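# Chain and residue survey
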Amino acid sequence: MASLSMTDCTEPRYVVGVDVGTGSVRAALVTIDGELIKMAIHPIQTWNFKPGFYHQSSDDIWNSCCKVIREVVAEVPADSVKGVGFDATCSLVALDKTGSPISISPGGETQQNVILWMDHRADKEAEAVNATRHPVLQSVGGKISLEMQVPKLMWLKKNLPETWRNVDAFYDLPDFLTWKSTGAESRSLCSVVCKWTYEASGEGTQGWNKQFFTQVGLSDLLADDCRKIGSIVLAPGTPCGSGLNSQAAEQLGLRVGTPVATSIIDAHAGGLGMIGCTADSNKSTDYCSRLGLICGTSTCHMAVSRGPVFVPGVWGPYYSAMVPGLWLSEGGQSATGRLLDHIIDTHPATASLRARTPHMHVVTYLNELLNSLANSAGLDSVDLLTKDLHVWPDHHGNRSPLADPTLRGMVSGLSLSCDEKDLALLYLATVQALAYGTRHIIESLESAGHRRMDCVLLCGGLSKNPLFIQTQATVVGRPVLVPQRTEAVLGGAAILAAYAAGLYPSLEAAVNTMAGQADAVSPNTKAITFHNKKYEVFLRMVQHQREYRDIMNSV
């Protein structure tokens, strides 16, 4: 990270980007040209008391935000921090009339007032919404996901009536953070359009579809001009209220009135943070010819277009949800980093491997082992090791492009082996399967009318894994650009802060200046034919899974 020193003739000016992920809160002190100076991280708690139920605490999240922000600004004057930007997971926050947490847990635990994005309790409610075939569903790929907020709200109303009666406001987690820091009850266009079925178009019309909310049994949320779910909706980067209020400023160690940007969902922050990056071999900044992959616990696939493109099984198109004036299509895989962790953590060979190599990350060890195996076998590429081992990676359901949360993972080619070689091959086959999922999404986007994606931009935890990057490039058959400023999600939040502070005339100007350079990884031409064959197997696997289900469900 860069030094805190600045030239004597230049007044130091910074912004703070804050990212609330699934398992931690991170903050970064960033210069106004996008250079990361200092970063801090703090874990947040998740409760998972039964399958499908995932809870968090907004108090725990806010306290963690305070801790990391104070840490990154501790060595700079408070008046040198010109703005703050938040991004967060699209989780549902419930508050009572005092602004305090109200339980969303069947057990009544008050501190558990956040339904995490990956919570899958509302499957029946999602089915009921989709059965309406309401026109608003066009903007969620034709089917609403049980990870979105409307099914979760329906579940709360049905199963926790006391919570429902006493709740005063629901927020998407990114919007909770701006409310907590400013007192402004506004919502982000990003969160409400992408996760709440709020309607917005390029003609300037926007609002809640009251007929839809009535049809799904949520008409009580329309009372008082929809105050409980948001009557003021602002574009990402718009200043919230009057900036930091006195309580938040004291908690964060910043000045009262410091501008706070209207927030954005974490994956969208990653897309914003890297969509303007360039590489020596790819200097184009045509946003509409790029696919952004934000890879963490799950992966989001972000593509923008100048007009609305409706893609079955892909969320959107959402107007101005990430880049002003452009329509966003959002594909995704519900489990990627988490799936690889699961594959590794549950394998019999992992415990002894970690005990034997305590100072080496297990992924680094597996990547080196795969290179050794390929060399020993005389293969031109590591990719070719999995000829007879195939994975369908939807252990947590399919988000895109099939939009089927009932799908499950599959493996073909298992043996009785349980040694490190077996672990390495299963890990490799899973990495490849995740890349086939990206290819499946790209093909769906392009066949529906999106421009050809000339390159893939990749950020997040998996961008630190060279095998994952190279596999993505080879499978999709186009270069992958990895930003040199590795914290693209934090960078996206910082971009919002800089724009809200008036440091740039437009959000696009901030994007193009602060994104920086990228490294390009080209496809491995020696393995393209091999992956074309494996991709055909990949598509057959889901076809077979459905056939098996039909057999078991037959009378």
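Shown above is the structure to which this text applies.
Below is a short write-up of the structure.

Analysis parameters
Residues numbered from 1 in each chain as written. Predicted model: local features only at pLDDT ≥ 70, side-chain atom pairs only at ≥ 80, totals over all residues. Heavy atoms only, no water. Helix = DSSP H or I, 4+ residues; strand = E, 2+ residues; numbered from the N terminus. Rg over C-alpha atoms; globule rule 2.2 N^0.38 Å. Buried < 20%, exposed > 50% of the residue type's maximum accessible area, 1.4 Å probe, protein only. Contact = heavy atoms within 4.5 Å. Areas by Shrake-Rupley, 256 points an atom, 1.4 Å probe, with all protein chains shown as cover. Lys, Arg positive; Asp, Glu negative; His and termini not counted. Charge placed at Lys NZ, Arg CZ, Asp CG, Glu CD. Pairing = 2+ DSSP bridges. Axes fitted to C-alpha atoms, helices over the stretch in contact; angles between N-to-C directions. Salt bridge = Lys/Arg side-chain N within 4 Å of Asp/Glu carboxyl O. Polar contact = N/O pair within 3.5 Å; in protein donor to acceptor, adjacent residues only side chain to side chain. Phe/Tyr/Trp six-rings, centres within 6.5 Å; stacked < 30°, edge-to-face > 60°. Lys NZ or Arg CZ within 6 Å of the ring centre and 35° of its normal. Parallel < 35°, antiparallel > 145°, perpendicular 65-115°, else oblique. Left-handed = near helix turned anticlockwise from the far one by under 90°. Nonpolar A, V, L, I, M, F, W, Y, C, P; charged D, E, K, R; others polar.

### Quick notes on the overall build of the protein chain
A tally of helices and strands in the protein chain yields 18 helices and 22 strands. Compactness check: the protein chain gives a C-alpha radius of gyration of 23 Å against a globular reference of 24 Å for 555 residues, within 12% of the reference. Seen through its principal axes, the protein chain has C-alpha atoms that stretch 70 × 65 × 50 Å. Here the protein chain holds 555 residues, and the buried ones make up 60% of them. Taking all contacts inside the protein chain whose residues are at least 6 apart in sequence as the whole, residues at least 24 apart take part in 71%. Carbon and sulfur atoms make up 51% of the accessible area of the protein chain, which totals about 21500 Å². Looking at the protein chain, you have 45 positive and 53 negative side-chain charges, and the mean spots of the two groups are 3 Å apart.

### Digging into the sheet that holds strand S13 (residues 264-265)
Read across the open sheet, the five strands follow the order S3-S2-S1-S5-S13; overall the sheet is mixed. Two strands lie at the open edges of the sheet, namely strand S3 (36-43) and S13, each paired on one side alone. Pairing analysis gives six bridges linking strand S1 (residues 14-20) to strand S5 (residues 81-88), with the strands arranged parallel. Each residue of the ladder has a partner; that of valine 16, found in S5, is valine 84. Packed on one face of the sheet, helix H16 (residues 488-500) meets S1, strand S2 (24-31), S3, S5 and S13 and runs near 130 degrees to S1.

### Overview of the pattern of salt bridges
Taken as a whole and judged by the stated rule, the model has 17 salt bridges. A salt bridge links glutamate 487 to arginine 26; the shortest N-O distance between them is 2.3 Å. With glutamate 487 in the loop between strand S21 (480-483) and H16 and arginine 26 in strand S2, this residue pair connects regions lying 461 residues apart in the sequence. In this pair, the class of glutamate 487 matches that of arginine 26, namely buried. A salt bridge links arginine 546 to aspartate 404; the nearest nitrogen and oxygen atoms lie 3.8 Å apart. Here arginine 546 is found in helix H18 (residues 528-553), whereas its partner aspartate 404 is found in the loop between strand S18 (390-392) and strand S19 (410-412), with 142 residues between them in sequence.

### Brief notes about the sheet that holds strand S17 (residues 327-333)
The sheet built from seven strands is open, its strands ordered S16-S17-S15-S14-S20-S21-S22 with mixed pairing. The open sheet has two edge strands, strand S16 (315-319) and strand S22 (518-521), and neither has a second partner. Averaged over all pairs of adjacent strands, the angle between strand axes in this sheet comes to 25 degrees, irrespective of strand direction. When S21 meets S22, the two strands line up antiparallel, connected through four bridges. Paired with valine 482 across the strands is aspartate 519, a residue of S22. Strands strand S14 (290-295), strand S15 (299-305), S17, strand S20 (455-460) and S21 of the sheet are contacted by helix H10 (residues 266-274), whose axis makes an angle of about 130 degrees with S14.

### Looking at the environment of lysine 195
When you line up the elements, lysine 195 lands in helix H6 (residues 189-195). Residues lysine 195 and leucine 272, spaced 77 residues apart in sequence, show a C-alpha to C-alpha distance of 18 Å. Here lysine 195 is in contact with Cys90, Met148, Gln149, Val150, Asp172, Ile265, Trp315 and Glu330, once residues within four sequence places are set aside. Looking at lysine 195, its side chain comes within polar contact range of the side chain of glutamate 330, at 3.4 Å.

### Considerations on the side chain of aspartate 383
Relative to the helices and strands, aspartate 383 is located in the loop between helix H13 (362-376) and S18. This buried residue, aspartate 383, is left without a salt bridge; lysine 534 holds the nearest opposite charge, at 9.2 Å. Apart from the residues lying within four places of it in its own chain, the contact partners of aspartate 383 are Gln432, Thr474, Asn524, Ala527, Phe530 and His531.

### What to know about the packing of aromatic side chains
Counted according to the given criterion, the structure contains 15 aromatic pairs. A ring pair is formed by tryptophan 208 and phenylalanine 213, whose centres lie 5.6 Å apart and whose planes are at 85 degrees; its orientation type is edge-to-face. Judged by relative accessible area, phenylalanine 213 falls into the buried class, the value being 0%. An aromatic cluster of three or more residues is present, and its members are Trp196, Tyr198, Trp208, Phe212 and Phe213. We note arginine 121 situated over the ring of tryptophan 155; from NZ or CZ to the ring centre the distance is 4.6 Å. In this structure, arginine 187 is placed above the aromatic ring of tyrosine 171, and the distance from its NZ or CZ to the ring centre is 3.9 Å.

### Considering helix H5 (residues 173-182)
Residues that lie three or four places apart on an α-helix share one face, since the helix turns once every 3.6 residues. With respect to burial, H5 is a largely interior element, nine of its 10 residues being buried. Of the positions making up H5, those classed as buried are Leu173, Pro174, Asp175, Phe176, Leu177, Thr178, Trp179, Ser181 and Thr182. One or two positions beyond H5, positive phi appears at glycine 183, with a value near 85 degrees.

### Notes on the packing of helix H14 (residues 420-448) against helix H15 (residues 466-476)
The contact between H14 and H15 brings their axes to 9 Å, and the two run at 45 degrees. Considering the angle they form, H14 stands oblique to H15. Relative to H15, H14 is oriented so that their crossing is right-handed. Contacts between H14 and H15 involve Tyr427, Leu428, Val431, Gln432, Leu434, Ala435, Tyr436, Thr438, Arg439 and Ile442 from the first element and Leu467, Phe468, Thr471, Gln472, Val475 and Val476 from the second. Its residues assigned to classes, the contact of H14 with H15 comprises 11 nonpolar, four polar and one charged.

Fair warning: the whole summary comes from geometry, so function is off the table for now.
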